[in-house]
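Analysis of the macromolecular model
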Amino acid sequence: MISRLRVKGFRRYVDQSFDFAPGITFIDGRNNAGKTTLFLAIEYALTGTVTGARSQAALLNPDAKGLGVELVFTGRDGRTYKLQRVHQLPPRAKSRLIGHFTLKELVTREGTVEERYVLSSDFQDHEEALAKKLADITGISRRVLDLAVHIRQGEIASILEGDPRLDIALGITAAGTSNEEMRALALEDERAVESLPALEASLQHVEKARGTASTDEAGLTSKLDALKKEAATLDAALAKADDDSEAEALEAFTAAVDEWRTARDDLSREEAALAESPDADALEKEVSTLTAALKVAETKKGETELRFDLKARIRRRETLIAAGVTTCESCGSSIDVTRAKAELVTWKSDLATLEATAVDEGALKTELAEKQAELKSLTQLRKAVDGAKKALAAAEKAARALAPKGDTGPLEDLETTWQERHEKQQLERAATRARTETKREAVATTLEELEARIEEERSRSGELDREHARLIDEVENLRRCRRRADDLRILATAFKTLQEELRTRAATELAESMHTIHRALSVDDELSAISIDAARYQVLVTPKATGQELPASLSQGGGHRLLLGLAFRLALVKRLGPFPFVLLDEPTYGLDERHRTALLQRISGLGLCDQLLLITHQAMGDENGARIHVEGTAA
Amino acid sequence: MSDDHLPAHGPREVLARLLEARPDLVEVAGSLFDYAQYLLDDDQRLTKSGALDGQGRELFKKRALELLGGPERKDDQDEDLDDEEDDEVDE
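Predicted, not measured: the structure shown is a model, and the values here were computed from it.

To continue, consider the overall build of chain B. A count of helical and extended segments in chain B gives four helices and one strand. Ordered by position from N to C terminus, the α and β elements of chain B give α-α-α-α-β. Across the 91 residues that make up chain B, the buried fraction comes to 27%.

With that out of the way, let us pick up the overall build of chain A. Scanning chain A from N- to C-terminus turns up 15 helices and 14 strands. Expressed as a percentage of contacts within chain A between residues at least 6 apart in sequence, the contacts between residues at least 24 apart total 74%.

Each side of the interface is counted separately: chain B has 35 residues, and chain A has 47 residues. Secondary structure elements with two or more residues in the side of chain B that touches chain A: α1 (11-18), α2 (26-40), α3 (54-68) and β1 (88-90) of chain B. For the side of chain B that touches chain A, the element with the highest residue contribution is α2(B), accounting for seven residues.

Right, let's talk about the environment of R575(A) for a bit. One can find R575(A) in helix α14 (residues 558-576). Sequence-wise, R575(A) and S513(A) are 62 residues apart; in three dimensions their C-alpha atoms are separated by 8.5 Å.

As a further point, take the packing of helix α12 (residues 411-521) of chain A against α14(A). The geometry of a pair of packed helices is captured by two quantities: the angle between their axes and the separation between those axes. All names here are of chain A. Running from N to C, α12 and α14 point in directions that differ by 125 degrees, and their axes come no closer than 8 Å. On the basis of their axis angle, the class for α12 and α14 is oblique. By crossing handedness, the relation of α12 to α14 is classed as right-handed. Contacts from E509, L510, S513, M514, I517, H518 and L521 in α12 reach L563, L564, A567, F568, L570, A571, K574 and R575 in α14. Of the residues contributing to the contact of α12 with α14, the split by class is ten nonpolar, two polar and three charged.

Turning to the packing of α1(B) against α2(B), a few remarks are in order. Residue and element names in this part refer to chain B. Axis separation between α1 and α2 bottoms out at 9 Å; the angle between their running directions is 150 degrees. Relative to α2, the element α1 is oriented roughly antiparallel. Here α1 and α2 pass one another in a crossing that is right-handed. Where α1 abuts α2, its residues P11, R12, L15 and A16 lie against V26, A29, G30 and F33. Of the residues in the contact of α1 with α2, the class split is six nonpolar, one polar and one charged.

The subject of this paragraph is the environment of V539(A). All names here are of chain A. Following the sequence through the fold, V539 ends up in strand β10 (residues 539-543). By the C-beta count within 10 Å, which is 27 here, V539 ends up buried. In this structure the C-alpha to C-alpha distance between V539 and S553, which are 14 residues apart in sequence, comes to 7.9 Å. Aside from chain neighbours lying at most four places away, what touches V539 is L160, I530, I532, A552, L564 and F568.

To continue, consider the pairing of strand β1 (residues 2-10) of chain A. Residue and element names in this part refer to chain A. Note: β1 against strand β4 (residues 66-74), six bridges, orientation antiparallel. Its bridge partner being in β4, R4 is matched across the sheet by V72. In this structure, β1 lies alongside strand β2 (residues 13-19), joined through six bridges in antiparallel fashion. If you follow R4 over to β2, its bridge partner there is D19. Adjacent in sequence and paired antiparallel, β1 and β2 are bridged by two residues, among which R11 carries a positive phi angle near 50 degrees.

Now for the nonpolar core. All names here are of chain A. Counting 123 residues, the largest nonpolar core has A41, I42, A567 and V582 as its most contacted members. It is α12 that provides the largest number of residues to this core, a total of 17 residues. With residues up to four places along the chain from it excluded, the contact list for V582 reads V149, I151, V573, L608, C609 and L612. Residues V257, W260, A263 and A395 belong to the second largest nonpolar core, which totals ten residues.

This paragraph deals with the sheet that holds strand β14 (residues 626-629) of chain A. Residue and element names in this part refer to chain A. Reading across the sheet, the five strands line up as β8-β12-β13-β3-β14 and stay open at both edges, with parallel pairing between neighbours. Here the strands that pair on one side only, and so sit at the sheet edges, are β8 (150-151) and β14. With four bridges joining them, strand β3 (residues 23-28) and β14 adopt parallel strand pairing. Considered in β14, the bridge of D28 is made with H629.

All names here are of chain A. One open sheet holds the three strands; their spatial order is β9-β10-β11, and the pairing between them is antiparallel. On the outer flanks of this sheet lie β9 (527-532) and β11 (550-551), each paired with one strand and no other. Examined bridge by bridge, β9 and β10 share five bridges and lie antiparallel to one another. Paired with S531 across the two strands is L540, which belongs to β10.

Looking at the secondary structure, you find D386(A) in helix α11 (residues 361-402). Linking D386(A) and E271(A), residues 115 residues apart in sequence, is a C-alpha distance of 9.4 Å.

Turning to the confidence of the model for chain B, a few remarks are in order. Residues and elements named next belong to chain B. This prediction gives chain B a mean pLDDT of 77; 69% of its residues lie at or above 70. Per-element mean pLDDT across chain B ranges from 38 in β1 up to 94 in α3. A low-confidence stretch, residues 1-7 stays under pLDDT 50, and its non-local contacts, those more than four residues away or across chains, total nine contacts. Interface scoring of the predicted complex returns ipTM 0.82; its pTM is 0.63.

With that out of the way, let us pick up unusual backbone geometry. Residue and element names in this part refer to chain A. Cis geometry marks the peptide bond from G577 to P578; its omega dihedral reads 5 degrees. In this structure, Y537 takes a positive phi of about 65 degrees despite not being glycine. Here the phi dihedral of E586 falls at roughly 50 degrees; this positive angle occurs in a residue that is not glycine. By the element assignment, E586 lies in the loop between β12 (582-585) and α15 (593-602). The exposure class of E586 is buried, given the 20 C-beta atoms found within 10 Å.

About the thresholds
- Residues numbered from 1 in each chain as written.
- Chains lettered and ligands numbered in written order.
- Predicted model: local features only at pLDDT ≥ 70, side-chain atom pairs only at ≥ 80, totals over all residues.
- Helix = DSSP H or I, 4+ residues; strand = E, 2+ residues; numbered from the N terminus.
- Buried ≥ 20, exposed ≤ 12 C-beta atoms within 10 Å, placed from the backbone.
- Contact = placed C-beta atoms within 7 Å.
- Axes fitted to C-alpha atoms, helices over the stretch in contact; angles between N-to-C directions.
- Parallel < 35°, antiparallel > 145°, perpendicular 65-115°, else oblique.
- Left-handed = near helix turned anticlockwise from the far one by under 90°.
- Nonpolar A, V, L, I, M, F, W, Y, C, P; charged D, E, K, R; others polar.
- Pairing = 2+ DSSP bridges.
- Core = buried A, V, L, I, M, F, W, Y, C linked by C-beta atoms within 7 Å.
- pLDDT = per-residue confidence, 0-100.

What follows is the structure, given as structure tokens:
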């Protein structure tokens, strides 16, 4: 039910509001006063357009830069809404109107009316959403508005010839279209699904191949693990073959034996030197003798001087005698030559005696020094021998410490035995290593081959996995397609049945309803039957007077056709409604006074909706209902 | 439109009865019917014979597939149909 309508800048209205009551409201006024404009404003508010108006600009008041309508109404859900719609010229534009709408719910709380936004173009809501919302809360769509809610005087009777829009308004076209499109979509899905069996077979094949590949890979991996273990064992054996820790011990022992051997040679050399040296006792005796002789020589030091003096006198006397000197050079006295010669002989005899007992002290000293040196050297040699013996003992001890435990034989024998044993072991190890290496190489080759095969298997498995994933996706996709095709077929069948039911029932029920309404509004019950052709919705009537069925548009006069047309429209209201309101624009035009009065008095009694707004410019009687007089001047 | 406001012979009520065995499809069917009605409500989307035109049918199919879910179709991805109203009006 519309409770309030505000019209601004809309055709002849500058800004005017109207309040409406429930039930029937008669809107009257002179021609061109703006009665119909109120209905156009309601139509504009609900749809954004007006049938017959080329654009919103055609609805613009010549003095206004924008038009707007505010409609306060109660919907079928019992809630009150305020619908505002405007079209305005933006700044600097001359011909392009920009539209806005807002739908709010009015909620009364503790005596205050609150406005709650439902939809608004300012919030990017679209006309589609608004149209759907309005259809939801009023049951009025564009098509329904044109056929049944906004009933225009000039169009009332035209419906008797049928109207292709009725199929749409009654939902028959929608059901048919839905059926067709569901079938078309189902067909598309079914065509796509045709390849499903082949794909499922491929999937099964790939799954089987994946299973085999997995088993093969597991077997190969198991073999690989076993081979790796064998390789590890062989590597350990090789490491063991390379482990010549005894060589180090043997080398240390050989070095110790070499040191011992050097010590032994040193001792031999020292002992040989000692053996070649003079006897120590003899040397000590000689030193004693020489020391004693030297002491004696010291006691004969006066004889030595005498001997030197004798030798000097002998040399001088022999020189003088040889020279024939007969006088003394110092005193000049004559020399007795004979005597001189006799003295010379004596002197020579004494000298000979002295020299016979004379001792050579220098020689003694030299000899003693030599002997003492020899003795010292001998002592040192003995010490060296002792040292060499100690060194030899230490070297032997060190070498034996490095010898294998339990071996007590001669060191050189031990060394030889050990070296021979070690060489034998080395040969054995080399042989073992050669055998192990051969095995290891064979294992390595097998490992490489096996790894290559596993890699190949994995690559093949990867390809199979990818193919499997692709097939799973595709098969699942097609299975969903198949399920959707099934749903589409079910929906198509439902829509087809709906279409048939609607079509079958619509004509019959509309005709019955129309006849009832016609009887209620008509003064004379002149028709025995009304039927509607289900294909074209052409109305056929059977007058009681003739009993012959004929098209309503041919059998009746203008007033009667108007009444039948109105009955048809109101039958549509009953079928497509309930609506919160119905707008009747001069439904009495062309009726005689009798019929007009009857219609105005009876129409609200039909109970078709909560509110009927009825425009008339003819004189009103005492009909029950509210009245709004449109003056034709803007407020 | 909620069921409270449906007339006894309303399309949604009939669809609910027809799809009693598939209650999951009732809302889809109702929404599709409403959408078809919405599309048919615009004269510009009608052919001369009063049927829904090609673009309207494509919009309807697109909505149907959206509501039903399931795999996308190649042609669905390629199309970019303008399903929006233009509330600007040229004089």
